[in-house]
Amino acid sequence: ASSGEERFNASFGQIFYFTNRRVRLDASDPELDRSSSEVAGELNFYPNERVSVRSNLQYDPSTGNMNSGNLIASYTEDQDTVVNVGYTFRRPVALVGNQPVTDQFNLSTYYPINDKWRFFMAWSYSLEEERSVEDMLGIEYDSCCWQVRLLYLRYFDTVSDRIPDFDNPDLDREYATQVQFVLKGLGGFGTGVERLMTDLIQGFDRLAYVSR
């Protein structure tokens, strides 16, 4: 009450349908007659200004299955440090086709070595397949006038936004090295590096915004 800071929040929701849903991906598909949706919930805890624990889940009461869940603990400090540890589970629904279950452990960080050098990495490990599915490792040099980042990425070659199917004999691991160079106030090249860091390091977009 003294500061107005939020320490905890929770939300739960479910949709109740009064009529069948006639709009389908395929016009020949039958109407959806289920009277209610899955139950969705979210819990967030902020014990102090540096630590946060966020979680969400999606439960199907008709089947008794937990279809998705996510838990991530984050530590941030000042304007140049973030460390994330998380777990993700997802059971694909029938509408998106026959995709494997996602059961992954995730670790990522953007961390200062000193005033000018930064180290960053992201690692996703499949507990289902017992192997790494996506790895990123990089280093950054930042001075008053210019900035350069060097990034190395290892991932599986698969369709965009799809979960890798490790039973597919044509599934290949790909390797990439990217560089970003920026003259502050003038622009630069290699913006794909920053997009990857934003996608793979939770909270990096906030640090990048503050640093500008």
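First, a word on scope: everything that follows refers to the structure included in this document. (Residues numbered from 1 in each chain as written. Predicted model: local features only at pLDDT ≥ 70, side-chain atom pairs only at ≥ 80, totals over all residues. Heavy atoms only, no water.)

### A short note on the overall build of the chain
Helices and strands together make up the secondary structure of the chain, namely 2 helices and 11 strands. Reading the secondary structure of the chain in the N-to-C direction produces β-β-β-β-β-β-β-β-β-β-β-α-α. Counting all 212 residues of the chain, 30% fall into the buried class. When the accessible surface of the chain is summed, it comes to about 13,800 Å², and 54% of that surface belongs to carbon and sulfur atoms. (Helix = DSSP H or I, 4+ residues; strand = E, 2+ residues; numbered from the N terminus. Buried < 20%, exposed > 50% of the residue type's maximum accessible area, 1.4 Å probe, protein only. Areas by Shrake-Rupley, 256 points an atom, 1.4 Å probe, with all protein chains shown as cover.)

### Regarding the pairing of strand E3 (residues 51–60)
Looking at chain direction, strand E2 (residues 39–45) and E3 are connected through 7 bridges and run antiparallel. Pairing of Gly41 across the sheet is with Leu57, part of E3. The antiparallel hairpin formed by E2 and E3 contains 5 residues in its connecting segment. Pairing between E3 and strand E4 (residues 65–77): 10 bridges, direction antiparallel. Pairing of Val51 across the sheet is with Tyr75, part of E4. (Pairing = 2+ DSSP bridges.)

### Observations regarding the pattern of salt bridges
Taken as a whole and judged by the stated rule, the model has 6 salt bridges. Arg34 is the partner of Asp60 in a salt bridge, and the nearest nitrogen-oxygen pair spans 2.6 Å. With a gap of 26 residues between them, Asp60 in strand E3 and Arg34 in the loop between strand E1 (8–13) and E2 connect regions that are remote in the sequence. Within the structure, one salt-bridge network assembled from shared partners comprises Glu140, Arg149 and Glu194. (Salt bridge = Lys/Arg side-chain N within 4 Å of Asp/Glu carboxyl O.)

### A word on the nonpolar core
Counting residues in hydrophobic clusters, the biggest one holds 12 residues: Val82, Tyr110, Phe120, Ala122, Met136, Leu151, Leu153, Val193, Leu196, Met197, Ile201 and Phe204. Sort the elements by how many residues they give to this core and helix H1 (residues 191–200) lands first, with 3 residues. Contact partners of Leu196, with chain neighbours within four places excluded, come to Met136, Leu151, Leu153 and Gln178. (Core = buried A, V, L, I, M, F, W, Y, C linked by side-chain atoms within 4.5 Å. Contact = heavy atoms within 4.5 Å.)

### Comments concerning the pairing of E2
Alignment of E1 against E2, held across 6 bridges, turns out to be antiparallel. Residue pairing across strands places Phe12 opposite Gly41, the latter belonging to E2.

### Here we look at unusual backbone geometry
Glycine aside, negative phi is the norm for most residues, and most peptide bonds take the trans geometry. Here Glu130, not a glycine, exhibits a phi torsion of approximately 60 degrees, which is positive. The class of Glu130 is exposed, set by a relative accessible area of 63%.

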